[in-house]
Amino acid sequence: MNPYGMRPGIILLREGTDTSQGKAQLISNINACQAISDAIRTTLGPRGMDKLISSGRSVTISNDGATIMKLLEIEHPAAKTLVDISMSQDAEVGDGTTTVVLLAVEILKQMKPFVEEGVHPQILMRSIRDASMLAVKKVEELKVTFDKDSDQFKDMLLKTASTALNSKLISSHQDLFAPMIVDAVSSLDGSLEDLRGMIAIKKIPGGDVRQSFLVKGGVAFKKTFSYAGFEQMTKSFKNPKILLLNVELELKNEKDNAEVRIENPEEYQSIVEAEWQVIYDKLDACVDCGANIVLSKLPIGDLATQYFADRGLFCAGRVEEGDMRRVAKATGAAVQTSTNGIYEGVLGTCAEFEEKRMGDETFNVFTGCPCSQTSTMVLRGGTEQFIAESERSVHDSLMVVKRSLMSRSVVAGGGAVEMEVARHLREHALTIEGKGQLIVNAFAKALEIVPRQLCENAGFDPNDILSALRRKHAQDEDGKWFGVDIENGDMMDTFEAGVWEPSDNKSNSFASAAEAANVILSIDETVINPRSQDPGAATGMMGAPQGGMGQKPLSNMMGGAMDAVNAAKGGSRSGNLGNGVSYLKGRGGG
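Residues numbered from 1 in each chain as written. Predicted model: local features only at pLDDT ≥ 70, side-chain atom pairs only at ≥ 80, totals over all residues. Heavy atoms only, no water.

Asks: Looking at this structure, how should I read the sheet that holds strand β8 (residues 236-238)?
Replies: Adjacent strands of a sheet form backbone hydrogen bonds with each other and so pair up, either parallel or antiparallel. Taken together, the four strands give an open sheet; going across it, the order is β7-β14-β13-β8, and neighbouring strands pair in antiparallel fashion. The sheet is open, and its two edges are formed by β7 (219-222) and β8, each paired on a single side. Neighbour-to-neighbour, the strand axes of this sheet turn through a mean angle of 25 degrees, independent of strand direction. For β8 and strand β13 (residues 352-358), the ladder comprises three bridges, and the chain directions are antiparallel. Its bridge partner lying in β13, K238 is registered against E352. The sheet strands contacting helix α11 (residues 321-331) are β7 and β14 (361-367), and the helix crosses β7 at an angle near 155 degrees. (Pairing = 2+ DSSP bridges. Helix = DSSP H or I, 4+ residues; strand = E, 2+ residues; numbered from the N terminus. Axes fitted to C-alpha atoms, helices over the stretch in contact; angles between N-to-C directions. Contact = heavy atoms within 4.5 Å.)

So this is what it looks like as structure tokens:
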């Protein structure tokens, strides 16, 4: 028992640790998320603006939500959740990254008054979860399914690709890119899991964007590093046989510390000839198998280059792994790790191979491949920033077409789905008793952020258009597909206008936004540990002297003790270990 009646203080956290809890920190987290959404809300839709983000020497111009969120380098621990859901949406669907962040933040904004009034977060989370499930279920009821074998199926893919490109920098070139994207995804023959690996996007600065093209069912990659003799090679083949290697075809220099023991000078010449014979055996094996084109992940040296050129073959070394994988997939070749035992069955083929000049770059192009499970899109543009944004736009559209192929169902865009789901939730809220009714109504209002922001970004008054949309969806049975007409500042049937999105896109957006909002609401305390000011603070304890101030380190004490023992036995006092002791290591010692 403490005689003074006072309890000793208990310190659990390091000095400088920032902690906050309760209602105040929850509201603070919501405010931080609102600040993030304010930075990207103007990028939504066909009339969205771009953001310029400079980080050191690199400059990025983009209106892609996932790209912007990644480049912002957000420090707030709770707001980083928004980065996670945008990355998840980008990986899962490819488009709608801005939408999912806006929905999550708007849900939090609508829940903020309930938090301030003292409603328990668990009640809010339960109602948000129920509302999101109802929203996803309603999307399932609204979706329009297409038969893969029907004539309208390809038209559906073209419309979803065009809708994804509507809000991008290359929206004015939809007629060029949308068919290219659909053809590229359709050529994969159902193997859609490795979309990024099977469809390559190559960028060539310079020229007009309309000069972009698709190598359908083929592969194209930039010319690799070449040695002397490369210009003498045959650069075009019809129905060539293709050999893929993971073998280095290059003479190795002797190591500086190499040791060769010989009894007479003639033996050295035999060793040199043996090294040359090894490389020539490899080259002979490549030629004897009947290959016309030899590609390798590893270097192909000047000797091999000249050897192949003299025999009418084409070769390229240091080919990137992704390009090798696509060539193997398209031509039916198998990558060999040895030149021994190569037979015709491991060789691939294509209808035509040609080395082409495109702008300032030279490309190796394989067309007419028998397997046709890969494609290559070559993008042209005036600036690097434009081409980089074009690549991000094409990637998003590719992912949308992939998702459309998998789900085979679409819904109307332009805010039509959000308005119809919001109407359904308001009707359902009337059947709920207690606080849940208000929370579901607030969730329904949060969904209207999508059409509202589309109006604001197009420069129109959102209040008038949203009022008209609410009336249309509530009173007209055929009004479920009415959304924002950004051309005329009115409403229109967006399904009839061909503004289509994959149904999975909307379902994933609603579910992810609700989940992110619940994660933020479930945090009742935030602890931020201080960063160490002393770089050696973490290791200082380990190297500190043992036994307190003024005492010798343990290693010195052990060394002194061993010296004394050695001296008593007639041994040296130079720090050597005693007889029978081969190694000693103590704490703090070497």
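Asks: Would you mind showing me how to read the packing of helix α5 (residues 121-142) against helix α14 (residues 435-447) here?
Replies: For the pair α5 and α14, interaxial distance at closest approach is 9 Å and the crossing angle is 55 degrees. On the basis of their axis angle, the class for α5 and α14 is oblique. Helix-helix and strand crossings are classified by hand; for α5 and α14 the assignment is right-handed. Touching I123, L124, S127, I128, A131 and S132 of α5 are G436, I439, V440 and F443, all from α14. Tallied by class, the residues present in the contact of α5 with α14 amount to seven nonpolar, three polar and no charged. (Parallel < 35°, antiparallel > 145°, perpendicular 65-115°, else oblique. Left-handed = near helix turned anticlockwise from the far one by under 90°. Nonpolar A, V, L, I, M, F, W, Y, C, P; charged D, E, K, R; others polar.)

Asks: Explanation requested: the pairing of strand β17 (residues 482-485) in the structure shown.
Replies: Residues in a regular strand point their side chains to alternate faces of the sheet. Of the pairings in the sheet, the one linking β17 to strand β18 (residues 490-493) comprises four bridges and is antiparallel in character. Within the sheet, the bridge partner assigned to G483 lies in β18 and is M492. Hairpin geometry of β17 and β18 is characterised by an intervening segment of four residues between the two adjacent antiparallel strands and by a positive phi of about 70 degrees at G489.

Asks: Looking at this model, I keep getting lost on the nonpolar core. Mind explaining?
Replies: Side chains of nonpolar character tend, in soluble globular proteins, to be buried together. Core analysis: the largest hydrophobic core is formed by 93 residues, its most contacted members being L82, M111, F177, V394, L398 and L521. Among residues more than four places away in sequence, those in contact with V394 are I170, F177, I181, I201, M377 and L379. (Core = buried A, V, L, I, M, F, W, Y, C linked by side-chain atoms within 4.5 Å. Buried < 20%, exposed > 50% of the residue type's maximum accessible area, 1.4 Å probe, protein only.)

Asks: Where do I start with the environment of G479 in this structure?
Replies: Among the structural elements, G479 can be located in the loop between α16 (462-475) and β17. In this structure, G479 is in contact with K472 and H473, ignoring residues within four places of it in sequence.

Asks: Just to check I follow, could you spell out the pattern of salt bridges for this structure?
Replies: Side chains that differ in charge, positive against negative, can pair when their charged atoms come close. Inspection of the entire model under this criterion finds 25 salt bridges. Of the charged contacts, one joins D155 and K159 as a salt bridge, the two residues approaching to 3.5 Å between their closest N and O atoms. Here D155 and its partner K159 are both found in helix α6 (residues 152-166), four residues apart, which amounts to about one turn of the helix. With a relative accessible area of 36%, D155 lands in the partly exposed category. (Salt bridge = Lys/Arg side-chain N within 4 Å of Asp/Glu carboxyl O.)

Asks: Is there a simple way to explain the environment of Q306 in this structure?
Replies: Mapping Q306 onto the fold places it in helix α10 (residues 302-310). Along the chain, Q306 and F230 lie 76 residues apart, while their C-alpha atoms are 7.1 Å from each other. Excluding residues within four positions of it along the chain, Q306 makes contact with A228, G229 and Q232.

Asks: How should I be thinking about the sheet that holds strand β16 (residues 409-412) in this particular structure?
Replies: Sheet architecture is open: three strands sit in the order β4-β16-β19, paired in antiparallel fashion. Sheet topology places β4 (144-145) and β19 (500-502) at the edges, where each strand pairs with a single neighbour. Sheet analysis places β16 next to β19, joined by three bridges and oriented antiparallel. By the bridge assignment for β19, A412 is matched with W500.

Asks: Mind showing me how you'd approach unusual backbone geometry here?
Replies: What you tend to see is this: most non-glycine residues have negative phi, and most peptide bonds are trans. Even without being a glycine, N239 presents a positive backbone phi close to 50 degrees. Along the chain, N239 falls in the loop between β8 and β9 (241-245). Residue class for N239 comes out exposed when judged on its relative accessible area of 56%.

Asks: What exactly am I supposed to notice about α16 here?
Replies: For the α-helix, the turn length of 3.6 residues means that residues three or four positions removed from each other point alike. Over its 14 residues, α16 extends 20 Å from the first C-alpha to the last, a length consistent with the 20 Å expected when each residue adds 1.5 Å. All of the buried residues along α16 are P462, I465, L466, A468, L469 and H473. Buried residues of α16, viewed axially, fall in a sector of 160 degrees; they line one side. For α16, exposure combined with an orientation more than 90 degrees from the buried face picks out D464, A474 and Q475. Buried residues along α16 sit in contact with α13 (416-429), α15 (449-458), β17 and β18. The opening residue of α16 is D461, an N-cap whose side-chain oxygen sits 3.3 Å from the backbone nitrogen of N463. (Expected span 1.5 Å × (residues − 1). Arc of directions from axis to C-beta. Polar contact = N/O pair within 3.5 Å; in protein donor to acceptor, adjacent residues only side chain to side chain.)

Asks: What should I look at first to understand a nonpolar patch on the surface in this one?
Replies: On the surface, V260, I262 and Y268 cluster together to form a nonpolar patch covering roughly 260 Å² of accessible area. Secondary-structure assignment places I262 in the loop between β9 and α9 (265-288). (Patch = residues over 30% accessible without salt bridge, like charges linked within 9 Å, V, L, I, M, F, W, Y side chains within 5 Å. Areas by Shrake-Rupley, 256 points an atom, 1.4 Å probe, with all protein chains shown as cover.)

Asks: Where do I start with the side chain of R326 in this structure?
Replies: Structurally, R326 can be placed in helix α11. Classification of R326 as buried rests on a relative accessible area of 7%.

Asks: What am I meant to see in the packing of aromatic side chains here?
Replies: Where two aromatic rings form a pair, the distance of their centres and the angle of their planes describe that pair. Throughout the structure, instances matching the rule amount to ten aromatic pairs. An angle of 35 degrees between the planes, with centres 5.6 Å apart, marks the rings of F146 and W500 as tilted. Here the residue F146 occupies a position in the loop between β4 and α6, and W500 occupies one in strand β19, the gap between them amounting to 354 residues. On the basis of relative accessibility, which here comes to 14%, the residue F146 falls in the buried class. Residue classification places W500 among the buried positions, given a relative accessible area of 6%. Aromatic rings pair up to connect F221, F237, F314, F353 and F366 into one cluster. Its end group placed over the ring of W500, K159 keeps NZ or CZ at 4.3 Å from the ring centre. K472 extends its terminal NZ or CZ atom over the ring of F482, reaching a point 4.6 Å from the ring centre. (Phe/Tyr/Trp six-rings, centres within 6.5 Å; stacked < 30°, edge-to-face > 60°. Lys NZ or Arg CZ within 6 Å of the ring centre and 35° of its normal.)

Asks: Looking at this structure, how should I read the side chain of K168?
Replies: Tracing the chain through its elements places K168 in the loop between α6 and α7 (174-186). Here the side chain of K168 touches D396 through a polar contact of 2.9 Å, side chain to side chain.

Asks: Could you clarify how one ought to interpret the state of the cysteines in this entry?
Replies: Disulfides are covalent bonds that link the sulfur atoms of two cysteine residues. This model, assessed by the stated rule, comprises zero disulfides. Free of any disulfide, C350 has its nearest neighbouring cysteine sulfur in C369, separated by 5.1 Å. (Disulfide = S-S within 2.5 Å.)

Asks: Would you mind going over α14 with me for this structure?
Replies: Taking 1.5 Å per residue as the helical rise, α14 with its 13 residues ought to reach 18 Å, and the 19 Å between its terminal C-alpha atoms agrees with that figure. Of the residues making up α14, those classed as buried are G436, I439, V440, A442, F443, A444, A446 and L447. Where α14 is buried, its residues touch α4 (97-116), α5, α13, α15 and α17 (503-521).

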